[in-house]
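Structure at a glance
Here is how the chains run, residue by residue.
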Amino acid sequence: MLQAGVGTGCPPSCAFSESHQISGCAFLLPKAQQLRGNRLQTRSITGRYVQSGRSRRTHIARAETTSAPTAPWKKADARLVLADGSVWRGRAFGATDTEIGEVVFNTSITGYEEIMTDPSYRGQFVVFTHPHIGNVGINTEDAESKQVHLNGVIIRDLSSVVSNYRSKFTLDEYLKKQNVRGIANVDTRAITRRLRDSGNLNGVITSDTSKSDEELIEMAKSWNIVGQDLISGISIKEPYEWKDPTVEEWEFSAAVKNRNGTEPLHIVAYDFGCKNNILRRLASFGCKVTVVPADYPAQKVMELQPDGIFLSNGPGDPSAVPYAVQSVQELLGQKPMFGICMGHQLLGQAFGGKTFKLKFGHHGGNHPVRHNATGRIEISAQNHNYAVDPDTLPEGVEVTHINLNDGTCAGMVWPAKRAMAIQYHPEASPGPHDSDICFEQFMDMIRKEKQGDGSYTSAETAAEHVNA
């Protein structure tokens, strides 16, 4: 290697480990080339430098490589095309074909595996606002269902290193196995702001270079998720019993730990796209849980002799599943009932109210909710695009919770019908757990029913929140 001031004419202060910045020094040797050991050639040029007030003419050697350096990263090979005409180029991972979906953003910092396996995301692409995704890999315990249900994953940075003792796959490997498309190295902040300002947009993810941007834009514009029955394709086909509670290592509820052998309650749970952790929470509170299909007739539900009826979360538009609304109407008032997310919306319609589509939905683990009776604030996990219009609810129905971000209805109760519902996820995994008390309230409602006391009121709910 050449040395400073020896045979080059460079001043003694010149350092060859960096690209030269000294005026009059023309020897360029990037460190990356040194590390790769590229063969160098030198050629002599004439230059000047100033030393002790004198100008000297000298010959300076310049290094040149014989081969052009290549970038150490993969070049853009995928596109996300939105219905508004914008095109976002990035790097493909997971499956590498073409898929269409409704693009939504999720603000959660943790829990990407639970998000991807939540059946409520069926038909959607999820933009993760957290920049680093994939850093803890994928394990086999945290999934909320048996498969990935969303149509595509959009992220800023796909972690090149996986670091977690439970990890079995990288995110890339997992999505390949699940045949789900992903695109990385796109500006997720800019996409999120676009969705927030304009509302959710349809989009196409593709690695197919044969399709033009214009063709993909037209595909996105011509597709519509509104009115699609997304539940019938993911609900179970036959009833079964769920037995697994929350693993003891992860149990956080004092109410669960202090049950002291209370009489088990039989819950019939409608599967509209139910998350595993909801069933775990019901089992943790000592319930025998029978899961039934989304189209299970009300008469057959009552033949199972339940103590209470649960309506699960699920994807899409509640107005697209009138058969589910009809079953809820027939069961309303016969047994205590509790609905979460889609179950909340179905109860709203069964009450006689209406639902509407939100501009960009609620998706994330940091949504503040206020319990009206006490003013208690819960930080909640949410995932839905529709809400109940409280102005259309009949007399007797009380709005119990409000989403503090936009003022929409986040919870309601009809005491006379012994029915309660919340629009968010009290079972949230990995969290937060502020709303787990809702399961306790449902258990108390059922026990009062069994004791012959049907006088459940929202005032009792308020007292429970105060003591929580």
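The structure reproduced in this document is the subject of the present report. (Residues numbered from 1 in each chain as written. Predicted model: local features only at pLDDT ≥ 70, side-chain atom pairs only at ≥ 80, totals over all residues. Heavy atoms only, no water.)

So, the overall build of the protein
For the protein, the count of helices and strands is 12 helices and 21 strands. Buried positions account for 52% of the 468 residues belonging to the protein. Considering only residue pairs separated by 6 or more positions, the protein has 73% of its internal contacts joining residues 24 or more positions apart. Total accessible area on the protein stands at roughly 21,300 Å², and carbon and sulfur atoms take up 48% of it. (Helix = DSSP H or I, 4+ residues; strand = E, 2+ residues; numbered from the N terminus. Buried < 20%, exposed > 50% of the residue type's maximum accessible area, 1.4 Å probe, protein only. Contact = heavy atoms within 4.5 Å. Areas by Shrake-Rupley, 256 points an atom, 1.4 Å probe, with all protein chains shown as cover.)

Points about the sheet that holds strand 4 (residues 87-94)
In spatial order, the strands read 3-4-10-8-6-5-11; together these 7 strands close into a barrel with mixed pairing. Between one strand and the next, the sheet's axes are offset by a mean angle of 35°, whatever the strand orientation. Across the face of the sheet, helix 3 (residues 171-178) comes into contact with strand 4 and strand 8 (152-154) while running at roughly 85° to strand 4. (Pairing = 2+ DSSP bridges. Axes fitted to C-alpha atoms, helices over the stretch in contact; angles between N-to-C directions.)

Some details on the nonpolar core
Counting 30 residues, the largest nonpolar core has Tyr270, Phe272, Leu311, Met337, Leu347, Phe351 and Met412 as its most contacted members. Those elements giving two or more residues to this core turn out to be strand 13 (265-270), helix 8 (298-303), strand 15 (308-311), helix 9 (322-331), helix 10 (342-351), strand 20 (409-414) and strand 21 (419-422). Not counting residues up to four positions away in its chain, the partners in contact with leucine 347 are Leu311, Val328, Leu332, Met337, Gly339, Met412, Ala419, Met420 and Ala421. Core analysis: the second largest hydrophobic core is formed by 29 residues, Ile267, Cys341, Tyr424 and Met445 among them. (Core = buried A, V, L, I, M, F, W, Y, C linked by side-chain atoms within 4.5 Å.)

Notes on the side chain of histidine 425
Position of histidine 425 relative to the elements: it lies in the loop between strand 21 and helix 11 (437-450). When its relative accessible area of 3% is taken as the criterion, histidine 425 is described as buried. A polar contact of 2.9 Å, which involves the side chain of histidine 425, links it to the side chain of glutamate 427. With residues up to four places along the chain from it excluded, the contact list for histidine 425 reads Lys275, Asn313, Ile340, Cys341, Ala381, Gln382 and Asn383. (Polar contact = N/O pair within 3.5 Å; in protein donor to acceptor, adjacent residues only side chain to side chain.)

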